[in-house]
Amino acid sequence: MLVRLPTSVSEAQSCLAEGAVPVGGATLVWAGWQRDGFPEQAVSLRELPEAKVIGDGTLGSAVLLHEIDERVPEVLRKAAGGVGTGAVRRTATVGGNIVGSTLRCLLPAALVLDARAVVLEPDGPVETDLAELLAKRPLLLSLHWREPVASGYRKLTDQLRGEVPFVVAAAVGADAPVLRVAVRDGYDVLSETVPYDTDTGRVLRAVALTPLGTLPEAVFEAVRDVVGGVVERAGAR
């Protein structure tokens with residue numbers, strides 16, 4: 001198998017046009033290739049500058065999870081830090097986690113940040129929303145968002161849907177007076193938006209009236225804690 005390492009967007013386009021398969025960090029695809037057979041060509045974006053950016057509201061798809069630090073919001077940093085083991089985080093990429101994984105550990109954080117995706121299409125890079133990214137699964141170049149007023153994240157290792165831990169993410173957006181909350185429930189992610197208010201009780205009552213209010217009590221208790229902390233920090237700004 002030939003692994004190609006493009007250094008420009010046009011070169012990455014050529015790789016895809018010639019049938020190269022995105023490899024990400026290979027933490028997920030390698031086992032499948034060992035079972036089903038390796039492609040003739042694979043493409044990694046680890047040498048592509050547009051896919052290695054961190055900070056200023058941007059996170060490249062080829063960034064390794066262990067590289068994600070204070071340059072991104074708390075919710076995204078904690079989500080990355082909770083993925084697998086240290087060895088996995090030193091290999092797994094942002095793009096592989098969101099597009100190539102069924103767990104999509106970073107997806108709740110990206111949703112509450114109201115992130116947009118830049119993907120590589122045959123005609124060049126285009127911006128799209130996360131729903132289309134997950135439906136069409138194109139090659140992800142980067143995520144973009146506006147810095148939130150406050151954000152928070154929790155992984156509930158003692159609360160499982162099957163073998164998958166629940167996770168809770170929340171953020172108050174800078175562009176509108178709203179609070180976004182996302183919960184990974186098994187392999188699904190529930191996401192809701194409610195009006196932001198400095199009154200934590202009022203916000204929590206609004207969240208409880210959404211489908212999130214039907215979550216198991218222990219999970220919704222975590223939602224209360226995360227949302228309460230985010231509202232308190234947002235109010236102090």
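Above: the structure in question.
A brief report on the enclosed structure follows. (Residues numbered from 1 in each chain as written. Predicted model: local features only at pLDDT ≥ 70, side-chain atom pairs only at ≥ 80, totals over all residues. Heavy atoms only, no water.)

**Observations concerning the side chain of Ser142**
Thinking step 1. Tracing the backbone through its elements, the reader meets Ser142 in strand 7 (residues 139-144).
Thinking step 2. Under the relative-accessibility criterion, Ser142 is labelled buried at 5%.
Thinking step 3. There is a polar contact of 2.8 Å between the side chain of Ser142 and the side chain of His144. (Helix = DSSP H or I, 4+ residues; strand = E, 2+ residues; numbered from the N terminus. Buried < 20%, exposed > 50% of the residue type's maximum accessible area, 1.4 Å probe, protein only. Polar contact = N/O pair within 3.5 Å; in protein donor to acceptor, adjacent residues only side chain to side chain.)

**Observations concerning the sheet that holds strand 8 (residues 150-161)**
Thinking step 1. With respect to topology, four strands assemble into an open sheet ordered 8-9-10-11, the strand pairing being antiparallel. Of all strands in the sheet, those with a lone pairing partner are strand 8 and strand 11 (188-195), marking the two edges. If you compare each strand with its neighbour and ignore which way they point, the axes differ by 15° on average.
Thinking step 2. As judged from the nine bridges shared by strand 8 and strand 9 (residues 164-172), these two strands associate in the antiparallel manner. For Tyr153, the partnering residue across the bridge sits in strand 9 and is Ala169.
Thinking step 3. Sheet strands in contact with helix 3 (residues 74-81) are strand 8 and strand 9, and its direction is about 30° off that of strand 8.
Thinking step 4. Along the sheet, helix 8 (residues 200-208) contacts strand 10 (178-185) and strand 11; its crossing angle with strand 11, the most-contacted strand, is approximately 135°. (Pairing = 2+ DSSP bridges. Axes fitted to C-alpha atoms, helices over the stretch in contact; angles between N-to-C directions. Contact = heavy atoms within 4.5 Å.)

**Quick look at a nonpolar patch on the surface**
Thinking step 1. On the surface, a cluster of nonpolar side chains totalling about 420 Å² of accessible area is made up of Met1, Val3, Leu5, Trp30 and Phe38.
Thinking step 2. When you line up the elements, Val3 lands in strand 1 (residues 2-4). (Patch = residues over 30% accessible without salt bridge, like charges linked within 9 Å, V, L, I, M, F, W, Y side chains within 5 Å. Areas by Shrake-Rupley, 256 points an atom, 1.4 Å probe, with all protein chains shown as cover. Salt bridge = Lys/Arg side-chain N within 4 Å of Asp/Glu carboxyl O.)

**Brief notes about the pattern of salt bridges**
Thinking step 1. Here the structure, examined in full by the defined rule, presents 13 salt bridges.
Thinking step 2. Among the salt bridges present, the one from Arg4 reaches Glu18, with a minimum N-O distance of 2.5 Å. Placement of the pair is Arg4 in strand 1 and Glu18 in the loop between helix 1 (9-17) and strand 2 (21-22), with a sequence separation of 14 residues.
Thinking step 3. A salt bridge links Glu127 to Arg116, with the shortest nitrogen-to-oxygen separation between them at 3.2 Å. Of this pair, Glu127 sits in strand 6 (residues 124-128) while Arg116 sits in strand 5 (residues 116-121), and the two are eleven residues apart along the sequence.
Thinking step 4. Salt bridges linked by common partners bring Asp197, Asp199 and Arg202 together as one network.

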